[in-house]
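# Summary of the model geometry
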Amino acid sequence: MTTPVVGVLALQGDVREHLVALAAADAVARPVRRPEELAEVDGLVIPGGESTTMSKLANLFGVMEPLRARVRDGLPIYGTCAGLIMLADKILDPRSGQETIGGIDMIVRRNAFGRQNESFEAAVDVRGVEGDPVEGVFIRAPWVESVGAEVEVLAEHEGHIVAVRRGDALATSFHPELTGDHRIHALFVDMVRAKDAPGSL
């Protein structure tokens, strides 16, 4: 059994919580800010935060194009909240200058569940996660308006899509890293491990 090296894009957002969750899921967790750090990981998490700021910083640090290239080449990637927006091929209501990495054929709506003061927690049944429902923390959360034919819907909340997977790309509207429940991170680490990436320890 290999131990994959999984990075967390550490430009903005709740990086530390993802590093802790990945380590608990038996991965070697590393922050990633630059292309040379991206080249050393077997999988990558795009954390929650502010998607417009994240896209601008990704360009500033020179990591946006390398990220797109690695995702096109099949890098396992997981986005939460703002990370889900970053993995969308299309945003319904983008801010000026906002870019995405892409990789999942979906259309997303930013802040769909409301503003910061409308944040909430809810139990979410996630396909592929055994046991009790996952406690989803929704903070200015997006939802997925629609998906392409190759995208699997893993979870919905109140009729809205909140978790999807397309091949080696996984995304959730909510923040599992804030709950102490590491099952979704374990699912992602298993996805990375299944690639049997050459960089694994």
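In what follows, the structure referred to is the one given above.
The paragraphs below set out a description of the structure included in this document. As the structure is a computational prediction, the values presented were derived from the model and not from experiment.

## Quick notes on the overall build of the protein chain
The helix and strand tally for the protein chain stands at six helices and 12 strands. Taken against the 2.2 N^0.38 rule, which gives 17 Å for 201 residues, the C-alpha radius of gyration of the protein chain at 15 Å falls within 12% of a compact globule. Dimensions of the protein chain, computed from C-alpha atoms along their principal axes, come out at roughly 40 × 40 × 35 Å. The proportion of buried residues among the 201 residues of the protein chain is 52%. For the protein chain, the accessible surface area stands at approximately 8700 Å², while carbon and sulfur atoms represent 46% of it. Computed over 20 positive and 30 negative side-chain charges, the separation of the two mean positions in the protein chain equals 6 Å.

## Comments concerning the pattern of salt bridges
The full count for this structure, using the stated rule, is 11 salt bridges. With a closest N to O distance of 3.5 Å, arginine 127 and glutamate 152 form a salt bridge. With arginine 127 in the loop between β7 (120-124) and β8 (134-138) and glutamate 152 in strand β10 (residues 152-157), this pair connects stretches of sequence that are 25 residues apart. For arginine 127, a relative accessible area of 53% gives the class exposed. Residue glutamate 152 is classed as partly exposed on the basis of its relative accessible area, which comes to 34%.

## Observations regarding the packing of aromatic side chains
This model, assessed by the stated rule, comprises six aromatic pairs. With centroids separated by 5.0 Å and ring planes inclined at 85 degrees, the aromatic side chains of phenylalanine 113 and tryptophan 143 adopt a geometry described as edge-to-face. Residue phenylalanine 113 is found in the loop between β6 (104-109) and β7, and its partner tryptophan 143 is found in strand β9 (residues 143-147); the two are separated by 30 residues along the sequence. Relative accessible area serves as the criterion here: at 14%, tryptophan 143 is assigned to the buried category. Here phenylalanine 138 and phenylalanine 174 contribute two aromatic rings whose centre-to-centre distance is 5.5 Å and whose plane-to-plane angle is 55 degrees, an arrangement assigned as tilted. Taken together, the positions of phenylalanine 138 in strand β8 and phenylalanine 174 in the loop between β12 (169-172) and α6 (183-194) put the pair 36 residues apart, joining distant regions of the chain. Take phenylalanine 138: its relative accessible area is 1%, and that puts it in the buried class. According to the relative accessible area criterion, phenylalanine 174 is buried, its value standing at 0%. A network of ring pairs unites the aromatic residues Phe113, Phe120, Phe138, Trp143 and Phe174 as a single cluster.

## A word on unusual backbone geometry
A positive phi angle, near 70 degrees, is found at aspartate 26, a position not held by glycine. Summarising the element assignment, aspartate 26 is placed in the loop between α1 (15-24) and β2 (28-32). When its relative accessible area of 54% is taken as the criterion, aspartate 26 is described as exposed. For asparagine 111, which is not glycine, the phi torsion reads 50 degrees and is therefore positive. Looking at the element boundaries, asparagine 111 is found in the loop between β6 and β7.

## A closer look at helix α3 (residues 51-60)
Within the span of α3, buried status applies to Ser51, Thr52, Met54, Ser55 and Ala58. Within α3, the buried residues cover an arc of 165 degrees as seen down the axis, which keeps them to one side. On its buried face, α3 is in contact with β1 (5-9), β3 (43-46), α4 (64-72) and α5 (82-87). Taking the backbone nitrogen of threonine 52 as reference, a side-chain oxygen 3.0 Å away marks glutamate 50 as the first, capping residue of α3. Just downstream of α3, glycine 62 is the residue with a positive phi angle, here 70 degrees.

## Considering the side chain of arginine 68
Locating arginine 68 in the fold gives a position in helix α4. For arginine 68, the side chain forms a polar contact with the side chain of glutamate 99, separated by 2.9 Å. When sequence neighbours within four positions are dropped, the list of residues in contact with arginine 68 reads Glu99, Thr100 and Ile101.

## With respect to α4
For α4, the set of buried residues is Met64, Leu67, Arg68 and Val71. An end-on view of α4 places all buried positions within 100 degrees of arc, on one side of the element. Summarising the contacts, the buried residues of α4 are in contact with β1, α2 (35-38), β3, α3, β4 (77-80) and α5. Within two residues after α4, glycine 74 carries a phi angle of roughly 100 degrees, on the positive side.

Conventions and cut-offs
Residues numbered from 1 in each chain as written. Predicted model: local features only at pLDDT ≥ 70, side-chain atom pairs only at ≥ 80, totals over all residues. Heavy atoms only, no water. Helix = DSSP H or I, 4+ residues; strand = E, 2+ residues; numbered from the N terminus. Rg over C-alpha atoms; globule rule 2.2 N^0.38 Å. Buried < 20%, exposed > 50% of the residue type's maximum accessible area, 1.4 Å probe, protein only. Areas by Shrake-Rupley, 256 points an atom, 1.4 Å probe, with all protein chains shown as cover. Lys, Arg positive; Asp, Glu negative; His and termini not counted. Charge placed at Lys NZ, Arg CZ, Asp CG, Glu CD. Salt bridge = Lys/Arg side-chain N within 4 Å of Asp/Glu carboxyl O. Phe/Tyr/Trp six-rings, centres within 6.5 Å; stacked < 30°, edge-to-face > 60°. Arc of directions from axis to C-beta. Contact = heavy atoms within 4.5 Å. Polar contact = N/O pair within 3.5 Å; in protein donor to acceptor, adjacent residues only side chain to side chain.

These results come straight from atomic positions and should not be treated as a statement about function.
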